[in-house]
Structures are given as structure tokens and as C-alpha cells.
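# Secondary and tertiary structure notes
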Amino acid sequence: MDHRTDLNGVDRLIVRRGQPFSISLYLRSGGYQPGASSLTCVAETGPQPVEQYGTRAVFGLSPSVDTSCWSAAVISPPGDMVALSLCASPEAPIGRYTLTLGPSTQIQFILLFNPWCKDDAVHMESEQDLAEYVLAQDGLIFRDLNNYPIATPWTYGQFESGILDACLRILDMNPKCLRNPGKDHSGRRNPIYVCRVLSAMVNCNDDRGVLFGNWSNNFDGGVSPMFWRSSVEILRNWDTQACAPVKFGQCWVFAAVACSVSRALGIPCRVVTNYASAHDSNADLLIKRYIDENGKPVGSKEMIWNYHCWVESWMTRPDLKNPEFNGWQAYDPTPQERSEKVFCCGPVPLRAIKQGELTCSYDAPFVFAEVNADVVTYMKKQDGSMSKVTTTTLVGQMISTKSVGSDDREDITHLYKYPEGSAEERETFTKANHQNKLLHQQQQQGDGLHLAIKVSPDMRKGCDFDVFALVSNKGHSDKKCRLVFGSCAVSYTGVMGGNCGFKDMLNVELPPGGERRVPLRLNYSKYDAELTEDNLIRLAALLLDYSTGEALMTLRTIVLTNPEIKVQILGEPKENRRLAAEISLKNPLPEPLHNCCFSIEGANLTGGTQHSKSVEPGQDAKAKIYFTPTRSGLRKLVVDFNSNRLCHVKGYRNVIIGK
């Protein structure tokens with residue numbers, strides 16, 4: 001039977017639990033005779049195999065293979081060659097095994113989870129889902145903003161040479177294994193345990209994990225997280241450099257590596273992106289923000305990230321005693337808060353988050369806050385007093401993942417939360433003791449002053465453009481206000497940078513029904529020096545009503561788009577045939593680009609790099625790169641462009657490789 005492990009290579013035995021596999025034995029003396037010959041089989045994993053903990057199994061020959069337990073049966077006629085059909089228990093620990101047949105014959109093999117087996121805890125029914133969440137070696141990760149989600153191509157490469165060995169080494173290097181290897185290897189029968197280990201080991205905060213997190217914008221001693229476009233190089237670097245952490249990662253890199261490892265081990269997995277993601281550090285479901293009288297943030301420790309990526313894995317949750325909690329489980333390898341004294345998070349059922357069941361294991365309150373926390377803003381005044389500012393910030397928007405079988409974005413927000421304002425949402429908040437959100441929903445803007453930010457349709461890096469504060473008076477009396485309208489660079493985690501443009505209007509007068517559209521010009525000459533690699537600018541408009549003393553604030557983050565990379569394949573793509581790709585990118589900046597470099601890679605592709613000459617404004621950077629696909633099928637050709645002024649521009653082209 002097909003174990004779907006051939007992509008790992010055929011030089012060793014790799015099988016999935018709960019599914020028969022065959023081996024042939026050539027007997028040195030005598031032949032096999034049914035009923036007269038016997039054979040004892042012993043399967044062992046880990047340094048301290050014990051039957052009691054499931055790391056050792058002893059079994060003999062049966063008339064036929066039993067897929068519910070360790071078993072073996074002869075499937076050949078009597079003779080000098082014996083063909084055995086064997087099967088590992090669907091609840092056996094995964095990992096490296098030694099199979100001893102009789103007194104001395106030993107066979108080494110690797111056992112993986114089996115989502116095609118109905119008795120495996122990771123069983124998934126749909127073949128289309130299995131092709132996407134287990135077998136697909138590339139995908140898309142959504143980043144930037146909820147009103148402008150940009151798909152970043154990523155090569156998971158779980159079947160590339162050496163990757164499975166690196167994944168098994170991650171399990172062996174985890175502190176639980178180093179403290180008690182027998183107990184740890186026994187725990188590997190359970191995907192809940194394995195995912196929790198991966199959540200801790202993909203970061204290096206408490207152990208010899210894979211990635212070193214860095215959100216400082218200073219990447220000396222490593223490379224920017226924007227550099228990575230594949231898990232393969234990261235995992236190989238970690239494995240070959242004595243398990244030294246790879247520098248550096250941020251949330252989408254942590255999530256992508258965790259996805260690669262999960263798929264390599266046989267656990268269905270996908271990367272998800274939560275836009276406007278709250279980081280609630282004290283578990284009160286509140287994000288408190290403070291500003292001064294000019295709208296500038298002051299002393300705010302809790303953050304709202306423009307987006308945050310984690311992973312979901314598919315499994316049953318027998319530990320929670322409720323079948324509704326089976327299915328997708330969220331876990332997060334990005335080191336944010338400690339759980340059981342370790343930087344890890346999850347797995348927790350999506351259904352538990354949606355229903356506000358915050359006592360569910362693991363870390364339900366933190367994940368619930370990421371998608372549901374309420375945002376409260378206070379203004380600190382010069383006289384020392386503090387007042388509440390009305391805002392309309394919503395957390396947990398457009399939760400996204402790649403669609404099955406296509407490059408479309410799938411919105412999975414409904415799996416995490418009920419529609420805003422619905423009766424089901426109110427019931428969930430009541431159950432979760434989220435009284436602040438219930439109260440806030442009753443205090444949204446009604447009659448009176450309204451404030452919004454509008455943007456231009458074409459906001460490209462390198463251009464000057466306008467953004468607008470829209471102030472309207474829906475009340476019945478004249479209003480006289482102060483409008484502060486500012487902009488600053490911001491990282492995707494919400495850390496503010498330098499000023500990109502500012503306007504302070506002390507006398508904005510509005511009659512009943514009146515409206516003002518106030519522009520703010522953002523010039524490339526000013527914002528270019530302030531931008532981080534995220535290309536994000538935070539717009540903030542603060543409106544102070546002189547008659548009531550009340551303050552109204554609205555925020556909006558914009559992304560300055562990079563130019564499109566165009567890819568043309570020359571020749572007919574075939575397995576093991578050298579191909580050429582013509583790649584081009586137009587310089588959008590009002591200055592030349594120097595040290596231009598294109599590079600390509602992809603799953604089962606031998607990649608390449610080519611440097612290009614300097615490119616004047618408005619001209620195309622061009623390159624022809626040769627590559628060789630080593631396997632047939634649909635492949636993503638991932639392209640990366642770098643230069644002195646334009647870095648980490650990514651694009652991709654789907655290529656169907658023939659045999």
C-alpha cells in the first residue's frame with residue numbers, strides 16, 4: 001500500500017503507522033513452512049524501550065495483518081524467500097525504530113503519523129485536504145494588512161533531502177527528551193504532545209531550538225527575517241551547525257518552519273494569519289493604549305500587531321472529553337509569553353476559542369485575546385489628568401490561510417469567532433467574562449462627531465501621495481474642534497518609528513451635517529528614511545471637541561506596495577531538464593538601484609542567482625536564471641529581488657513540470 005513517503009527518497013524504509021508494509025527475507029537454511037515455522041518480532045524506539053510505555057512491542061506471526069496493533073503475517077508461498085506484511089499500531093510513538101526478526105535479523109525504519117488511517121489521531125478524510133496540508137511542499141503566507149493582504153510565497157520542503165532527519169533531531173533535542181528520554185519517546189505517540197514540543201523548539205528561548213527571534217531591525221550576526229523564503233535552508237543550517245539557533249526569525253518564519261516540521265512528521269498543518277492581532281500580556285482581555293494630547297503613543301506596553309502568524313494542526317482531542325474539540329488546533333511557536341514556564345503556546349481547539357471555553361488546554365485565554373481583546377485608549381494630559389478616548393479599533397480581523405488546491409485566500413475568521421455584534425458573540429463574551437467588550441459595543445459612535453481616514457488608491461513605494469482625515473458632524477449643533485493628523489513608520493508588530501508627516505489644525509468648525517476633508521501629504525523624500533522593511537506607515541487622526549472636552553481617535557495602517565516581479569519560463573518544463581527563467585522588475589524609485597540581485601528556488605528545484613547592473617528610475621532590472629526541476633508536478637518558482645534601496649521583493653510563478 002502507498003505510504004506517501006516516496007518523496008523522502010527510496011534509500012531507506014519510511015512508513016506510516018496503522019498501515020501495512022512489506023519486507024522480504026531470504027532464508028539461509030531451510031524454508032518457511034506454514035504452521036511449522038515461527039518468528040518473533042520486536043519493534044523498539046528510543047534509548048529505553050519498554051512495553052509498558054509503548055516504546056517496545058513484541059509480536060509473532062498471525063494469519064493476517066491486524067491494523068489496530070503491531071502485527072505481522074506471511075504473504076508468500078512456502079519457500080526460501082519469505083514475504084512479510086507488517087503493521088505498526090496506529091497509536092505507536094513516531095520516530096526511528098529497530099525491528100528485530102528472530103534471533104539476529106535487524107531492520108531500521110522511521111515511523112510517521114498517518115492522516116490516511118482512520119484509527120490515527122491525525123486522520124483527515126478529504127484527499128484534497130491531505131494533498132494541501134500534508135503533501136504540498138510550497139504555499140502562500142498572508143502578510144501586511146487586512147485591507148491589503150499580500151501573499152508571500154514559501155517553500156516548506158518537508159520532503160527535501162535531510163529535512164526529516166532534522167525534524168527528528170528537533171524532537172531529540174527538546175529538554176523533555178534530554179531530561180527523561182523514555183517518557184518523551186512514549187509521548188511521541190500523541191500529536192498533542194508533539195505539537196507542544198514543536199511550539200517550544202522552533203524558537204530557541206528555553207532550549208537549543210531552531211530560530212532566534214529578532215524584532216529590533218538590527219540583524220548583525222545573521223540575516224533579516226525578510227531574507228528567508230524557504231524552511232529548507234533554515235532547518236539544514238540548524239542541523240548542520242550543531243543545533244545553534246538560526247538568526248533571525250519573526251512570526252511568519254516561526255510558523256512556516258513549524259508547518260514544515262509538522263507535515264514532515266505526518267501531521268496535517270497550515271499557516272494562518274490573524275490581522276489586528278492583540279498581545280495581551282496580563283490575561284485581562286484588554287489592550288490599554290495611552291497617548292498624549294498630540295495623539296503620540298506614550299508608555300503603552302501591550303501591542304496590537306498589524307498581523308500575526310501561527311499554525312493549525314489537525315487532530316482529535318480525547319483529553320478534553322468533548323468531540324466538538326476535535327479538528328483544527330492552534331499552536332504558536334513565536335515566543336511571546338510563557339506557558340508552564342516555557343515559551344510555547346497551544347495546541348488549543350479553534351472550537352474552544354469560538355465558544356469562549358477558556359479553561360481548555362492549552363493557553364486558550366491568550367489565543368482568545370489575540371482575536372477578541374478589547375482596545376481602550378486613554379489620553380494623558382499635561383496637568384496629570386487622564387481621560388478616555390473613543391476609538392473603533394477591532395481586533396481579530398480577516399483570519400486567513402491559503403485555500404485548498406489554489407492560490408486564493410481563504411477567510412477562516414468564522415472558525416475563531418462569531419460575527420461582530422451577534423447574539424452568539426455576546427453569549428461567548430459572557431462565558432469568557434469579557435464584560436469590557438460587551439460594554440464597549442454599546443458605546444460606539446452615534447450622533448455627533450465622526451472621524452475616519454481615507455487613502456489614495458495607488459500608494460507605491462517611491463511615490464508622493466495624499467491621505468485624508470474625514471471629519472463630519474452628525475449632531476444638531478455647531479462644533480468647533482482641534483484636529484491632529486499625523487503619520488509615522490511602524491513595524492508589523494506595532495512598534496512606532498519616525499515621523500512621516502504631521503498636521504495640527506486648531507480651529508476646525510463644522511455646522512450640523514457639515515463635513516471636512518483634510519489632506520496630509522506624504523513625501524518619499526521624508527518617509528523613505530523612516531520606513532522599516534515592512535513598508536508600513538501608521539496614520540492617526542485625533543479630534544478634540546472644545547465644547548465637551550471629549551476626544552475621538554481613529555487609526556489606519558497603510559502598506560506601500562513593492563513593484564511586481566515578472567517571470568517568463570523559456571522552453572517546455574520537464575523533469576531533470578535544465579530550464580531558463582527570464583525575470584524582470586521595474587524600478588519604482590526616483591533614484592537608481594545598485595547591486596541588484598535576483599535569486600530563485602523552489603521545492604524539488606535546483607535554484608540559482610544572478611546579479612544585474614544598476615537600474616535607472618523607471619527602467620527594468622532583468623536577469624536570466626537557469627534551474628533544473630528534479631520532480632514532476634506543480635511547483636512554485638519563488639523569486640527574490642534585492643538591491644541597495646529596494647530589498648526582499650518577492651514574487652512567484654506556478655510551473656507544471658512534466659515527466
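Please read all numbers here as calculations on a predicted model, not as lab measurements.

## Here's the deal with the UniProt feature "domain: Transglutaminase-like" (unreviewed entry) in the protein
- The positions that UniProt labels "domain: Transglutaminase-like" (unreviewed entry) are, in the present scheme, residues 243–335.
- This span, residues 243–335, is 16% helix and 42% strand, and a straight line between its end C-alpha atoms measures 18 Å.

## A few points about the packing of aromatic side chains
- Evaluation of the coordinates by the stated rule reveals 21 aromatic pairs.
- With centroids separated by 5.5 Å and ring planes inclined at 50°, the aromatic side chains of tryptophan 70 and tyrosine 97 adopt a geometry described as tilted. Taken together, the residues tryptophan 70 in the loop between β4 (56–59) and β5 (71–74) and tyrosine 97 in strand β7 (residues 95–101) connect sequence positions 27 residues apart. Across the pair, exposure class does not vary: tryptophan 70 and tyrosine 97 are buried alike.
- Among the aromatic side chains, those forming a connected cluster through ring pairs are Trp215, Trp252, Phe254, Tyr275, Trp305, Tyr307 and Tyr492.
- Over the ring of tyrosine 418 we find lysine 354; its NZ or CZ atom is 4.7 Å from the centre of that ring.
- Above the plane of the ring of phenylalanine 468 lies arginine 517, whose end atom (NZ or CZ) is 4.1 Å from the centre.

## Let's talk about the side chain of aspartate 207
- Checked against the element boundaries, aspartate 207 lands in the loop between α5 (191–201) and β11 (211–213).
- Lacking a salt bridge, the buried aspartate 207 has arginine 208 as its closest oppositely charged neighbour, with an N-O distance of 8.6 Å.
- At 3.0 Å, the side chain of aspartate 207 and the backbone nitrogen of glycine 209 are in polar contact.
- Not counting chain neighbours up to four residues away, the residues in contact with aspartate 207 comprise Pro175, Ala200 and Met201.

## Some details on the UniProt feature "active site" (unreviewed entry) in the protein
- As annotated by UniProt and renumbered to match this structure, "active site" (unreviewed entry) occupies Cys251, His308 and Asp332. The greatest C-alpha distance among the annotated residues, which extend across 82 residues, is 9.8 Å, indicating that they converge on a single site.
- Summarising the element assignment, histidine 308 is placed in strand β15 (residues 303–315).
- When near neighbours in sequence (up to four residues on either side) are disregarded, histidine 308 contacts Cys251, Val272, Thr273, Asn274, Ser277, Asp332, Thr334, Gln336 and Glu370.
- For aspartate 332, the contacting residues outside a window of four places in its chain are Ser199, His308, Cys309, Trp310, Cys344, Cys345 and Glu370.

## Quick notes on unusual backbone geometry
- Omega for the bond connecting glycine 346 with proline 347 falls within 30 degrees of zero, at 5°, which places this linkage in the cis form.
- With respect to the secondary-structure elements, proline 347 resides in the loop between β18 (342–343) and β19 (348–349).
- In this chain, serine 361 is followed by tyrosine 362 through a cis amide linkage whose omega measures 0°.
- Within the secondary structure, tyrosine 362 is located in the loop between α8 (350–355) and α9 (364–372).

## With respect to the sheet that holds strand β38 (residues 649–657)
- Taken in spatial order, the 4 strands of this open sheet run β35-β33-β37-β38, and their pairing is antiparallel. The open sheet has two edge strands with one neighbour each: β35 (608–612) and β38. Adjacent strand axes in the sheet meet at a mean angle of 20° when their direction is disregarded.
- In terms of strand pairing, strand β33 (residues 596–601) meets β35 through 5 bridges, oriented antiparallel. Residue pairing for β35: isoleucine 600 is matched across the bridge by glycine 608.

## Comments concerning the pairing of strand β13 (residues 269–279)
- Taken across its 11 residues, β13 has 11 buried, putting it largely inside the fold.
- Of the pairings in the sheet, the one linking β13 to β15 comprises 10 bridges and is antiparallel in character. Looking at β15, one finds that cysteine 269 is bridged to serine 313.
- Pairing geometry for β13 and strand β22 (residues 397–402), over 2 bridges, is antiparallel. When the sheet's bridge partners are listed, tyrosine 275 is paired in β22 with glutamine 397.

## Describing the pairing of β22
- Alignment of β22 against strand β23 (residues 409–411), held across 3 bridges, turns out to be antiparallel. When the sheet's bridge partners are listed, lysine 402 is paired in β23 with arginine 409.
- Taken together, β22 and the strand that follows it, β23, pair antiparallel across an intervening segment of 6 residues, in which glycine 405 is found at a positive phi of about 75°.

## Focus: the nonpolar core
- With 64 residues, the main nonpolar core has Trp154, Leu211, Ile234, Trp252 and Leu265 as its most contacted residues.
- Among the elements of the structure, β8 (105–112), β9 (138–145), α2 (163–173), α5, α6 (231–240), α7 (251–265), β13 and β15 are those that each provide at least two residues to this core.
- Of the residues forming this core, the biggest block, 12 residues, is contributed by α7.
- Counting 54 residues, the second-largest nonpolar core is a separate cluster that includes Cys481, Phe598, Phe627 and Leu637.

## Describing α5
- Of all 11 residues making up α5, 11 are buried, and the element is well covered by its neighbours.
- Among the residues of α5, Pro191, Ile192, Tyr193, Val194, Cys195, Arg196, Val197, Leu198, Ser199, Ala200 and Met201 are the ones counted as buried.
- For α5, the N-terminal capping position is held by asparagine 190, with its side-chain oxygen 2.9 Å away from the main-chain nitrogen of isoleucine 192.

## With respect to α6
- Within α6, the full set of buried residues consists of Ser231, Val232, Ile234, Leu235 and Trp238. Here the buried residues of α6 occupy an arc of 165° about the axis, which is enough to place them on one side.
- In the core, the buried residues of α6 are packed alongside β10 (148–155), α2, β11, β12 (246–249) and α7.
- Between the side-chain oxygen of the N-cap and the backbone nitrogen of valine 232 there are 3.0 Å, and the N-cap of α6 in question is serine 230.

## Concerning the environment of threonine 548
- The residue threonine 548 is located in the loop between β29 (536–545) and β30 (551–559) in this model.
- Linking threonine 548 and lysine 479, residues 69 residues apart in sequence, is a C-alpha distance of 9.7 Å.
- Reaching out from threonine 548, the side chain makes a polar contact with the side chain of aspartate 545 at a distance of 3.3 Å.
- Among the polar contacts listed, one links the side chain of threonine 548 to the backbone nitrogen of glutamate 550, at a separation of 3.2 Å.

How each quantity is defined
- Residues numbered from 1 in each chain as written.
- Predicted model: local features only at pLDDT ≥ 70, side-chain atom pairs only at ≥ 80, totals over all residues.
- Heavy atoms only, no water.
- UniProt positions renumbered as here; feature names shortened; annotations may be inferred.
- Helix = DSSP H or I, 4+ residues; strand = E, 2+ residues; numbered from the N terminus.
- Phe/Tyr/Trp six-rings, centres within 6.5 Å; stacked < 30°, edge-to-face > 60°.
- Buried < 20%, exposed > 50% of the residue type's maximum accessible area, 1.4 Å probe, protein only.
- Lys NZ or Arg CZ within 6 Å of the ring centre and 35° of its normal.
- Lys, Arg positive; Asp, Glu negative; His and termini not counted.
- Salt bridge = Lys/Arg side-chain N within 4 Å of Asp/Glu carboxyl O.
- Polar contact = N/O pair within 3.5 Å; in protein donor to acceptor, adjacent residues only side chain to side chain.
- Contact = heavy atoms within 4.5 Å.
- Pairing = 2+ DSSP bridges.
- Axes fitted to C-alpha atoms, helices over the stretch in contact; angles between N-to-C directions.
- Core = buried A, V, L, I, M, F, W, Y, C linked by side-chain atoms within 4.5 Å.
- Arc of directions from axis to C-beta.

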